[in-house]
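If you want the building blocks of each chain, they are given just below.
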Amino acid sequence: MNDALFYIFAVIAAAGAVFTVTRKSPLAAALSLAVSMIGLAGLFLLLQGYLVFVLQILVYAGAVVVLIIFVIMLLNLRAEAVEHLNLSWRKAIPGVVLGGALLVILLSAVRGLPQFPAEVDAEFGTVEGVGQLLFSRFAFPFEVLSLVLLVAIVGAVVLARKGGDEE
Amino acid sequence: MSVGLSQYIALSTLIFIIGVFGFVWRRNFLIVLMSIELMLNAVNLAFLAFARYWGGAEGHVLAFFVIAVAAAEAAVGLSILIMIYRRRETVDVTDLQELRE
């Protein structure tokens, strides 16, 4: 059952990714990205990452992609106005070869390992479990992260307001 | 074939490669940003797979940080995009190559 779910979510995530990078219309690409992220969220759930599953849907699929769609709407970007998608198969060959090499190298590194040997307690990946780590060993990066978010908010507002160009 | 670490890492690598492909090939800056998000998501999958493998939740904590930093970076990247569009009326990266000349 878990295996079937893995393949279902994997196909959703990978197909969403392929559609994201191949659509002419940026809106279609953004929606495919949301679909791919939801597929990945399902995979996180299968790996017992309950907190990350929720965060993926809330923050990534639900905020970042929505922000991208807002920008598409704001700038009124049309599909045909931007680019002509042309890729000859010959040009793609070095990329495919390198990508295949990366896949082979990484798979050979993990192939010999047993599947998922670790026994995890009930709190693994839950809000309590990750929270324990987050507020003990990772407390300092957590606080720095809040500073990063503050800087990003202020920076985005400063960059995007009108009249910033006149200086 | 029962699903183990190798399948998760293979999928993570595949999505990462798709993200790199989109980043390098596409000329629309928005799609480039989306490809960056794809790459970050693929890495999150690898983090969680290894966390499950080792039984330690540090991978979850790192994925948490990746999600938060990626959201911040998307916000700043999009405001840069808006600024560029205001000046140039284009989001084509081939029109934005002034550092090159």
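Whatever comes next refers back to the structure up there.
Here we summarise the structure given alongside this text. In this text, all values refer to a predicted model and were calculated from it rather than measured experimentally. (Residues numbered from 1 in each chain as written. Chains lettered and ligands numbered in written order. Predicted model: local features only at pLDDT ≥ 70, side-chain atom pairs only at ≥ 80, totals over all residues. Heavy atoms only, no water.)

## Side note on helix 3 (residues 58-88) of chain B
Within an α-helix, residues lying three or four positions from one another point in the same direction, as the helix has 3.6 residues per turn. Given a rise of 1.5 Å per residue, 31 residues ought to cover 45 Å, and the 44 Å separating the end C-alpha atoms of helix 3 of chain B matches this to within 8%. Phi turns positive one or two residues past the end of helix 3 of chain B, at E89 of chain B, with a value near 60°. (Helix = DSSP H or I, 4+ residues; strand = E, 2+ residues; numbered from the N terminus. Expected span 1.5 Å × (residues − 1).)

## Focus on unusual backbone geometry
Of note, Q48 of chain A is a non-glycine position whose phi angle comes to about 60°, a positive value. Within the secondary structure, Q48 of chain A sits in the loop between helix 2 (26-46) and helix 3 (50-75). The class of Q48 of chain A is partly exposed, set by a relative accessible area of 24%. Even without being glycine, E89 of chain B reaches a positive phi, approximately 60°. Looking at the secondary structure, you find E89 of chain B in the segment after helix 3. (Buried < 20%, exposed > 50% of the residue type's maximum accessible area, 1.4 Å probe, protein only.)

## Re the pattern of salt bridges
With the rule as written, the count across this model stands at two salt bridges over all chains. In this structure, the salt-bridge partner of R137 of chain A is E58 of chain B, at a minimum N-O distance of 2.6 Å. Residue R137 of chain A is found in the loop between helix 5 (127-136) and helix 6 (139-160), and its partner E58 of chain B is found in helix 3; the two belong to separate chains. Using a relative accessible area of 27% as the deciding quantity, one classes E58 of chain B as partly exposed. For the salt bridge of R27 of chain B with D92 of chain B, the shortest nitrogen-to-oxygen distance reads 2.8 Å. Taken as a pair, R27 of chain B in the loop between helix 1 (5-25) and helix 2 (29-54) and D92 of chain B in the segment after helix 3 lie far apart in primary sequence, 65 residues in all. (Salt bridge = Lys/Arg side-chain N within 4 Å of Asp/Glu carboxyl O.)

## What to know about the packing of helix 3 of chain A against helix 3 of chain B
Where helix 3 of chain A contacts helix 3 of chain B, the two axes come as close as 10 Å, and the packing angle between them is 5°. When the axes of helix 3 of chain A and helix 3 of chain B are compared, the pair comes out roughly parallel. Within the contact between the two elements, helix 3 of chain A uses L51, V52, L55, Q56, V59, Y60, V64, L67, I68, V71, L74 and L75 of chain A and helix 3 of chain B uses H60, A63, F64, I67, A70, A71, A74, A75, L78, L81, I82 and Y85 of chain B. Its residues assigned to classes, the contact of helix 3 of chain A with helix 3 of chain B comprises 22 nonpolar, two polar and no charged. (Axes fitted to C-alpha atoms, helices over the stretch in contact; angles between N-to-C directions. Parallel < 35°, antiparallel > 145°, perpendicular 65-115°, else oblique. Contact = heavy atoms within 4.5 Å. Nonpolar A, V, L, I, M, F, W, Y, C, P; charged D, E, K, R; others polar.)

## Concerning the interface of chain A and chain B
Quite often, the size of an interface is put as the accessible area lost when its parts meet. With 78 residues of chain A at the interface, the matching set in chain B holds 68 residues. For the pair chain A and chain B, the summed buried area comes to about 6900 Å², and 77% of that belongs to carbon and sulfur atoms. Counting the surface chain A buries against chain B, the share from its top three residues, V21, Y60 and F116 of chain A, is 10%. The interface formed by chain A and chain B includes one salt bridge. Run the count over chain A and chain B and you get seven residue pairs in polar contact (both at pLDDT 80 or more). Every element with two or more residues in the side of chain A that touches chain B is listed here: helix 1 (2-22), helix 2, helix 3, helix 4 (89-111), helix 5 and helix 6 of chain A. Here the side of chain A that touches chain B takes 13 residues from helix 3 of chain A, the largest share from any one element. A class-by-class count of the residues in the side of chain A that touches chain B yields 59 nonpolar, ten polar and nine charged. (Buried area = accessible area lost by both parts, 1.4 Å probe. Polar contact = N/O pair within 3.5 Å; in protein donor to acceptor, adjacent residues only side chain to side chain.)

## A look at the packing of aromatic side chains
Taken as a whole and assessed by the stated rule, the structure comprises eight aromatic pairs over all chains. Taken together, a centroid distance of 5.2 Å and an interplanar angle of 75° make the contact between F6 of chain A and Y7 of chain A edge-to-face. A residue is classified by how much of its surface remains accessible, and Y7 of chain A, at 34% relative accessible area, is partly exposed. With centroids separated by 5.1 Å and ring planes inclined at 80°, the aromatic side chains of Y53 of chain B and W54 of chain B adopt a geometry described as edge-to-face. A relative accessible area of 6% means that Y53 of chain B is categorised as buried. A residue is classified by how much of its surface remains accessible, and W54 of chain B, at 66% relative accessible area, is exposed. Here a set of aromatic residues connected by ring pairs shows up, and it is made of F135, F138 and F142 of chain A together with F64 and F65 of chain B. (Phe/Tyr/Trp six-rings, centres within 6.5 Å; stacked < 30°, edge-to-face > 60°.)

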